[in-house]
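What follows is the residue order along each chain.
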Amino acid sequence: MKILNEQLSSHEEKLIKEVEESLHKPVHYCYLNNELSNFGAADYFSNPNFYTVYSQKGLHGHNFVNNILHELFHLCQIEEGYPTSSTKNTLITIGEQQYFNSIGTLSASVILDLDVNERLLSVGYDSKYFFDYRYQEALDLFYNHSIVYKDAFENAQLILNLILMRITDTQEHSNHIFELYPAILEKSGVAVSFCVERNCE
């Protein structure tokens with residue numbers, strides 16, 4: 001069996017099929033075509049007939065399967081009644097629905113990913129690759145300032161990734177990043193651009 005040109009082992013195929021068959025709609029797979037997610041996304045609302053799971057093109061092998069399972073588990077959460085986010089129409093959000101919807105999704109992920117990580121562990125997978133990626137990204141920002149956050153969405157994504165890292169990564173990584181929080185946020189310009197640009201108080 002192949003998903004997005006990635007050949008799966010019989011064990012990987014069995015795991016994915018078990019999750020797919022537990023869902024009430026079939027799953028379509030696509031590559032990500034935007035920069036709003038590092039690794040993947042699960043779309044449960046755009047089409048009434050099927051779900052869509054997106055994956056980054058650069059993932060292969062074990063990490064690819066891990067990512068696919070991660071997104072499938074998010075679909076399980078939706079069907080099990082886990083909370084989702086929506087954007088109220090206010091003076092601030094009118095005209096910026098996509099931005100605030102994305103922020104809402106990121107915020108929900110900080111909570112939902114905790115459960116997803118437990119589900120991954122229960123089937124012999126984990127999020128180490130993704131934790132290590134976020135950790136290295138934070139270190140690159142602190143030591144090299146090699147990552148440029150161009151807008152408020154990316155700043156918000158940084159904050160939420162740091163929060164998620166703090167509560168899910170290894171104790172060593174978590175403690176190290178926590179010590180660097182103030183400097184990382186200062187270098188990213190979060191305190192200025194995220195609040196001022198979006199009229200936060």
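You'll find the structure just up there.
Reading the values: rules and limits
- Residues numbered from 1 in each chain as written.
- Predicted model: local features only at pLDDT ≥ 70, side-chain atom pairs only at ≥ 80, totals over all residues.
- Heavy atoms only, no water.
- Helix = DSSP H or I, 4+ residues; strand = E, 2+ residues; numbered from the N terminus.
- Contact = heavy atoms within 4.5 Å.
- Buried < 20%, exposed > 50% of the residue type's maximum accessible area, 1.4 Å probe, protein only.
- Pairing = 2+ DSSP bridges.
- Phe/Tyr/Trp six-rings, centres within 6.5 Å; stacked < 30°, edge-to-face > 60°.

Enquirer: Where do I start with the environment of T52 in this structure?
Expert: Position of T52 relative to the elements: it lies in strand β5 (residues 51–55). Apart from residues lying up to four places away in sequence, T52 is in contact with H28, C30, A41, A42 and D43.

Enquirer: What is the right way to look at the pairing of β5 in this model?
Expert: A regular strand carries its side chains on alternate faces of the sheet. When you tally the buried positions in β5, you get four out of five residues, the bulk of the element. When strand β3 (residues 27–31) meets β5, the two strands line up parallel, connected through five bridges. Bridge pairing in β5 places Y31 opposite S55. Pairing analysis gives four bridges linking strand β4 (residues 40–43) to β5, with the strands arranged antiparallel. Counterpart to A41 in the pairing with β5 is Y54.

Enquirer: Would you explain the environment of L32 in this entry?
Expert: As for its placement among the helices and strands, L32 is situated in the loop between β3 and β4. Note on L32: relative accessible area 15%, which makes it buried. Along the chain, L32 and S55 lie 23 residues apart, while their C-alpha atoms are 5.5 Å from each other.

Enquirer: In this structure, what is going on with the packing of aromatic side chains? I would like to understand it.
Expert: The description of an aromatic ring pair rests on the distance of the ring centres and on the angle between the ring planes. Tallied over the full model, the rule gives five aromatic pairs. Considering the side-chain rings of F39 and Y133, the 5.0 Å spacing of their centres and the 75° angle between planes classify their relative orientation as edge-to-face. Residue F39 is found in the loop between β3 and β4, and its partner Y133 is found in helix α4 (residues 128–143); the two are separated by 94 residues along the sequence. With relative accessibility at 33%, the residue Y133 sits in the partly exposed group. Between Y44 and F45 the ring centres are 5.3 Å apart and the planes differ by 80°, which places this aromatic pair in the edge-to-face class. You can call Y44 partly exposed: its relative accessible area is 27%. The exposure class of F45 is exposed, given its relative accessible area of 61%.

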